[in-house]
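# Per-entry structural report
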Amino acid sequence: MKKRNFPPLAQIICYKLEAKNIKPNHYNHLLMHVPKSHPRYESLMKREKIIKGMREGIVAEAGLIAHGRGEAFDYLIGEKTLPEADLAEKIAAYHLILAKRPLISVNGNIAVLVPDDIVRLSELLPAKIEINLFYRSEERVKKIADLLRKLGAKKVLGEKPDANIPGLEHSRALCTNEGMMMADVVLIPLEDGDRAKALKNMGKITIAIDLNPLSRTSKESHVTIVDDVVRALPRIIDHVREARKKELSRKSMVKEIEEFDNLGNLSKILERMQKDAGSRF
Ligand code: ATP
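Residues numbered from 1 in each chain as written. Predicted model: local features only at pLDDT ≥ 70, side-chain atom pairs only at ≥ 80, totals over all residues. Heavy atoms only, no water.

## Some points on the sheet that holds strand β1 (residues 102-106)
If you walk across this open sheet you meet the 5 strands as β2-β1-β5-β6-β7, and the pairing is parallel. Edge positions in the sheet fall to β2 (128-131) and β7 (223-225), since each of these pairs with one other strand and no more. Each strand of the sheet is rotated relative to its neighbour by a mean of 20°, with strand direction disregarded. Examined bridge by bridge, β1 and strand β5 (residues 185-189) share 3 bridges and lie parallel to one another. Bridge assignment links Leu103 to a residue of β5, and that residue is Val186. (Pairing = 2+ DSSP bridges. Helix = DSSP H or I, 4+ residues; strand = E, 2+ residues; numbered from the N terminus. Axes fitted to C-alpha atoms, helices over the stretch in contact; angles between N-to-C directions.)

## Here's the deal with the packing of helix α5 (residues 83-98) against helix α13 (residues 229-245)
Where α5 contacts α13, the axes come no closer than 8 Å and their chain directions differ by 60°. With respect to their mutual orientation, α5 and α13 come out oblique. The way α5 lies across α13 gives a crossing that is right-handed. Packed against α5, whose contacting residues are Asp86, Glu89, Lys90, Ala93, Tyr94, Leu96 and Ile97, the element α13 presents Ala232, Arg235, Ile236, His239, Val240 and Ala243 at the interface. (Parallel < 35°, antiparallel > 145°, perpendicular 65-115°, else oblique. Left-handed = near helix turned anticlockwise from the far one by under 90°. Contact = heavy atoms within 4.5 Å.)

## Focus: the pattern of salt bridges
Tallied over the entire structure, the rule returns 27 salt bridges. The partner of Asp86 in a salt bridge is Arg235, with the nearest N and O atoms 3.0 Å apart. With a gap of 149 residues between them, Asp86 in helix α5 and Arg235 in helix α13 connect regions that are remote in the sequence. For Arg235, a relative accessible area of 30% corresponds to the partly exposed category. We note a salt bridge from Glu123 to Lys154, for which the minimum N-O separation is 3.6 Å. (Salt bridge = Lys/Arg side-chain N within 4 Å of Asp/Glu carboxyl O. Buried < 20%, exposed > 50% of the residue type's maximum accessible area, 1.4 Å probe, protein only.)

Here's what the structure looks like:
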C-alpha cells in the first residue's frame, strides 16, 4: 500500500498498525481523510460512522443497504430539512410531551448516527429507551446498550425481553413489558413496515423517522418525519424545548396534532421531490 499520499497522521497510524501486523483492509476507514470543505463531507462522514459501526458489530450488514436507500431519498430532498419535515418534527415533539409513557426505539444505525441525541431526548422528556433489532443478536444488543450507557443513559431496555409484539414472528417480536408493551407513544426511527403496523395495531401512537415517504413505515405511522435522523433528532429536541419555553397549553398542542394530516404531508413531500429534482438540471 502506498502511504506517501496519506496525510501525516494517517501515515503514522499506518506504520503503527503494520508493526502490529494488522492488514491494511482492516483500517482503511481510519485513513480516509476528507477535508471539511468537501461538498459531500457530511454524507461521507455518516457513511464512515455506519461502516465503522458494522465493523464493530453494532450495525447489521443490511443496515448499510438501508442507509444507502436513505441517502438516495436524502439526495432527492436536497439533503436539508423540508418545511413539511419541520412540521412533522414539531407534531412529534407535542406527542412526546403529551405522552404518559413515551419510548424511543433504537437500532444499530441509530446507535451509531445519533447516540448522544437519543440520550438527550430521553432525559429531556423523559422517555424510556429500548433496543429493538430487526436482525437480533444478543451480542449486538449488548454492544448498543453499552454504547448508550457510556453516553449517560441511565437505563436501556431490550437486553432481557419478556414480551412479544402480537402479529410478528419470534425474534422481531421481542420487546419488554416495561418498555414497548406499556408505551403509549413510540418514536421509531428507521423501523420496518411490519413492525410499524403491528405497533399501530396495538393502539400506540407511532412516530417514524424515514427518508422514504413511500415506505410502508411512512404510510402506516401517525406522524412521519421525512428527514435524516441526524437532522431530525436535534430538531425534535429543539421543538420540545421551545414548546416548554412558550408554556404551550395541552389544548393548543392537541389542536395542532388533530389538524396534522400525515398522508397529506407525505404527498406534499413527494410533489416537492419531483419539482425540486427536475429544477436541479
Ligand atoms: P418498509 O418496510 O417500511 O416499506 P423498507 O423495506 O425500505 O421500508 P428498511 O430497509 O427496513 O425499510 O428501512 C430502511 C428505511 O430507513 C428506508 O426507507 C430508508 O429510507 C430509511 N433510512 C435509512 N437511513 C436513514 C437515515 N439516516 N435517516 C432517515 N431515514 C433513513
